[in-house]
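Spelled out from the first residue to the last, the chains are:
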Amino acid sequence: MRLAGPLRIVALIVTVGLTWIVVSILLGGPGSGFPRIQQLFSSPENSATAEPRARKYKCGLPQPCPEEHLAFRVVSGAANVIGPKICLEDKMLMSSVKDNVGRGLNIALVNDVNDLLKFIRPLHEGTLVFVASYDDPATKMNEETRKLFSDLGSKNVKDLAFRDSWVFVGAKGVQNKSPFEQHVKNSKHTNKYEGWPEALEMEGCIPRRTTAS
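Residues numbered from 1 in each chain as written. Predicted model: local features only at pLDDT ≥ 70, side-chain atom pairs only at ≥ 80, totals over all residues. Heavy atoms only, no water.

By the naming in an unreviewed UniProt entry, the protein goes by FAM3 metabolism regulating signaling molecule A and is assigned to Panthera leo. What UniProt records for the protein under Subcellular location (unreviewed entry) is the sentence "Secreted". Comment text from UniProt for the protein, heading Sequence similarities (unreviewed entry), reads "Belongs to the FAM3 family." (UniProt positions renumbered as here; feature names shortened; annotations may be inferred.)

Colleague: Would you mind going over the nonpolar core with me for this structure?
Modeller: In globular proteins that are soluble, nonpolar side chains generally tend to be buried together. Ranked by internal contacts, the top residues of the largest apolar core, which has 15 residues, are F72, V74, I86, F130 and V169. Of all elements in the fold, only β1 (69-75), β2 (85-88), β5 (128-134), β6 (165-171) and β8 (201-207) reach the threshold of two or more residues within this core. No other element matches β1, which puts three residues into this core. With sequence-adjacent residues up to four places away left out, F130 is seen in contact with F72, V74, I86, L88, N106, I107, A108, F168, V169 and I206. Judged by nonpolar contacts, the second largest core, of twelve residues, contains V129, V131, M141 and W166. (Core = buried A, V, L, I, M, F, W, Y, C linked by side-chain atoms within 4.5 Å. Buried < 20%, exposed > 50% of the residue type's maximum accessible area, 1.4 Å probe, protein only. Helix = DSSP H or I, 4+ residues; strand = E, 2+ residues; numbered from the N terminus. Contact = heavy atoms within 4.5 Å.)

Colleague: I tried to follow the side chain of R146 on my own but got confused; where do I start?
Modeller: In this structure, R146 sits in helix α4 (residues 143-151). Despite being buried, R146 has no salt bridge partner; E143 is the closest side chain of opposite charge, sitting 4.4 Å away. Separated by 2.6 Å, the side chain of R146 and the backbone oxygen of V157 make a polar contact. Filtering out sequence-adjacent residues up to four positions away, R146 remains in contact with A138, M141, V157, K158, D159 and L160. (Lys, Arg positive; Asp, Glu negative; His and termini not counted. Salt bridge = Lys/Arg side-chain N within 4 Å of Asp/Glu carboxyl O. Polar contact = N/O pair within 3.5 Å; in protein donor to acceptor, adjacent residues only side chain to side chain.)

Below, the structure is given as structure tokens:
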């Protein structure tokens, strides 16, 4: 019974010694395992070999626009679930979050007129028109509407059909067809979603239009 005390002390010394040896090996000793432990707890962001996060510019563009150009991004709706987005100069003009998008054609202009033809006819020379489809852009279109968009620079509006995806940036008074347009047909063979093609995303820099006096 008198040996119990000394045995406890010996056991304690042995435990402390083993603990010190293990800690030394892991954290500081020669050939220690510290680098491996450090790798386990270090995040990729803190790694010396991690690539720096890419900088984003206006509207999320990967590079800035030249002077006298406007940065934009237009994203069509995804099926009839996710609404479209229209951004200009880092200002979100239309989106589901702003609760100002709907099915059909979403046109970014400061105008409260609901009738599409009355909305487009009175545009002033040089007015920019941003369009993003959502669900179905074509059912309510007639020939006059298609001609108006064609006059704004669209080359695909004449072929726009039920549930196609379409994004377009044009302007009143353009002489040539707009380079800012994308169109994907609704086809059961190529659709990304059941009944709808993939969503479209277009971004770029639009030169500011100078109006002759």
